[in-house]
Amino acid sequence: FGNEELAKDPHNMAAAFASQCGIAGGLAVMLLMLYPIISVVRKLKTDPSAENRIMLFALTAFALHAMMDLDWQVPALLMLYSLMIFTAIFEDTPEKASGAGSIPGTIVLALLAVITLIGGWHTWEYDTRFAELKHAAGQEYGATTQPAAAYEIDLLANKVVKIAPWSHSLYHAWGDDKLRRMDLTAALDFYRKALTMAPRSSALYSRLSEVYLLQGDMAKAAEYKEKSEQLFPHKKRFFEQQKMKGK
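Conventions we followed
- Residues numbered from 1 in each chain as written.
- Predicted model: local features only at pLDDT ≥ 70, side-chain atom pairs only at ≥ 80, totals over all residues.
- Heavy atoms only, no water.
- Helix = DSSP H or I, 4+ residues; strand = E, 2+ residues; numbered from the N terminus.
- Buried < 20%, exposed > 50% of the residue type's maximum accessible area, 1.4 Å probe, protein only.
- Contact = heavy atoms within 4.5 Å.
- Areas by Shrake-Rupley, 256 points an atom, 1.4 Å probe, with all protein chains shown as cover.
- Expected span 1.5 Å × (residues − 1).
- Axes fitted to C-alpha atoms, helices over the stretch in contact; angles between N-to-C directions.
- Parallel < 35°, antiparallel > 145°, perpendicular 65-115°, else oblique.
- Left-handed = near helix turned anticlockwise from the far one by under 90°.
- Arc of directions from axis to C-beta.
- Salt bridge = Lys/Arg side-chain N within 4 Å of Asp/Glu carboxyl O.
- Core = buried A, V, L, I, M, F, W, Y, C linked by side-chain atoms within 4.5 Å.

Pulling in residues and values, what's your account of the overall build of the protein chain?
Across its full length, the protein chain carries 11 helices and zero strands. If you list the helices and strands of the protein chain from N to C, you get α-α-α-α-α-α-α-α-α-α-α. For the protein chain, the residues scored as buried account for 35% of the 247 residues in total. In the protein chain, the share of contacts with a sequence separation of at least 24, taken over all contacts with a separation of at least 6, comes to 57%. Split by element, the accessible area of the protein chain, about 15000 Å² in all, is 64% carbon and sulfur.

Explain the environment of Lys43 to me, using residue names and the numbers behind them.
Its location among the elements puts Lys43 in helix H1 (residues 13-46). In this structure Lys43 comes out as buried when scored by relative accessible area, which is 14%. Here the alpha-carbon distance between Lys43 and Leu56, two residues 13 residues apart in the chain, equals 9.9 Å.

Please provide a residue-by-residue account of unusual backbone geometry, values included.
Despite not being glycine, Met182 shows a phi value in the positive range, around 65 degrees. Here Met182 is to be found in the loop between helix H7 (168-180) and helix H8 (184-197). The exposure class assigned to Met182 is partly exposed, which follows from its relative accessible area of 49%.

If you had to explain H8 to someone new, which residues and values would you point to?
Residues separated by three or four positions in an α-helix point in the same direction, a consequence of the helix having 3.6 residues per turn. Here H8 is 14 residues long and its end C-alpha atoms lie 20 Å apart, about the 20 Å a rise of 1.5 Å per residue gives. The inward-facing, buried residues of H8 contact H7 and helix H9 (202-215).

Summarise the packing of H9 against helix H10 (residues 218-231); cite the residues concerned and give the values.
Contact geometry of H9 with H10 gives a least axis separation of 8 Å together with a crossing angle of 165 degrees. The orientation of H9 with respect to H10, classified from their angle, is roughly antiparallel. H9 and H10 meet at a crossing whose hand is left-handed. Residues Ser202, Tyr205, Ser206, Leu208, Ser209, Tyr212 and Leu213 of H9 pack against Met218, Lys220, Ala221, Tyr224, Lys225, Lys227, Ser228 and Leu231 of H10.

Let's hear about the packing of H1 against helix H2 (residues 50-66): which residues, and what values?
Two numbers describe how H1 lies on H2: the axes approach to 9 Å, and their chain directions differ by 165 degrees. As judged from the angle between their axes, H1 and H2 are roughly antiparallel. Read as a crossing pair, H1 and H2 show a hand that is left-handed. Contact with H1, carried on its side by Met13, Met33, Pro36, Ile37, Val40, Val41, Lys43 and Leu44, involves Asn52, Arg53, Met55, Leu56, Leu59, Thr60, Ala63 and Ala66 of H2 and no other residues of that element.

Can you break down H10 residue by residue, with the values?
For H10, which comprises 14 residues, the first-to-last C-alpha distance of 20 Å matches the rise-based estimate of 20 Å (1.5 Å per residue) to within 8%. Of all the residues in H10, the buried ones are Ala221, Tyr224, Ser228 and Leu231. The buried residues of H10 occupy an angular sector of 95 degrees when projected down its axis, which confines them to one face. The outward face of H10, more than 90 degrees from its buried face, is lined by the exposed residues Met218, Ala219 and Gln230.

Give a description of the pattern of salt bridges that names residues and reports values.
The final tally for this structure, using the stated rule, is six salt bridges. Two residues, Arg129 and Glu132, come together in a salt bridge whose shortest N-O distance is 2.9 Å. One end of the pair is Arg129 and the other is Glu132, both in helix H5 (residues 102-136) and three residues apart, which spans about a single turn. As a salt-bridge pair, Arg181 and Asp177 come within 2.8 Å of each other at their nearest N and O atoms. The buried category is assigned to Asp177, whose relative accessible area is 1%. A single network of salt bridges, built from pairs that share partners, joins Glu125, Arg129 and Glu132.

Describe the nonpolar core, with residues and values.
In this structure, Phe130, Leu133, Ile153, Leu170, Tyr191, Leu208 and Val211 are the most contacted members of the largest nonpolar core, which totals 34 residues. Broken down by secondary-structure element, the contributors of at least two residues to this core are H5, helix H6 (150-163), H7, H8, H9 and H10. In terms of residue count, H8 provides more of this core than any other element does, eight residues in total. Listed in part, the 15 residues of the second largest apolar core include Met33, Val40, Leu44 and Ile85.

Geometry only, nothing functional implied.
Encoded structure:
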């Protein structure tokens, strides 16, 4: 029961915003990434310190990586990036540091640091607990161990709920475990819950179609199967090509 939902969004921060907000959105994101880098380059002309060199490297590395991955979908990473941006454009010259104008900037910088630490801890906690759930349920790719008992899975899943009750991936995985155990009523409930959080998930519609088919409700099974294929029209052709390559 792996997630068969392949990537549909551009793995490129500027392209992703441009595809949803138009050219203006893509240009705005490009400006957001370039302006801090330009600010640091200007600082280096008068202050070639190690701190500014490191900041230039960090901002450039993030900008390049954001052109190849979904960095904006990781809250803790975005907060860290915000912290770097603020540090890059914050003027901390001796003249300004001695005045009262530096106090608000310092407060904002401190708040960003605290939020980044909290966000990072929360993301780590969620990833760790969710990984434990996937491992116990035998849902990791290449898993060879026997899945844990149903009550153990439920205990682990409830721990994740307390950390991230909005996670559709949690309910998707929980539903997969119930489906494997043929607890169709519970599987249906969890998939429906996940669908309220991710209404355009092709994989969830496919799972619901499978549950309805097992329940003998052919009409709903066909309806959800059709919806799944509408949301991911190239999925069937892709897997057929993969099967042909396997042969």
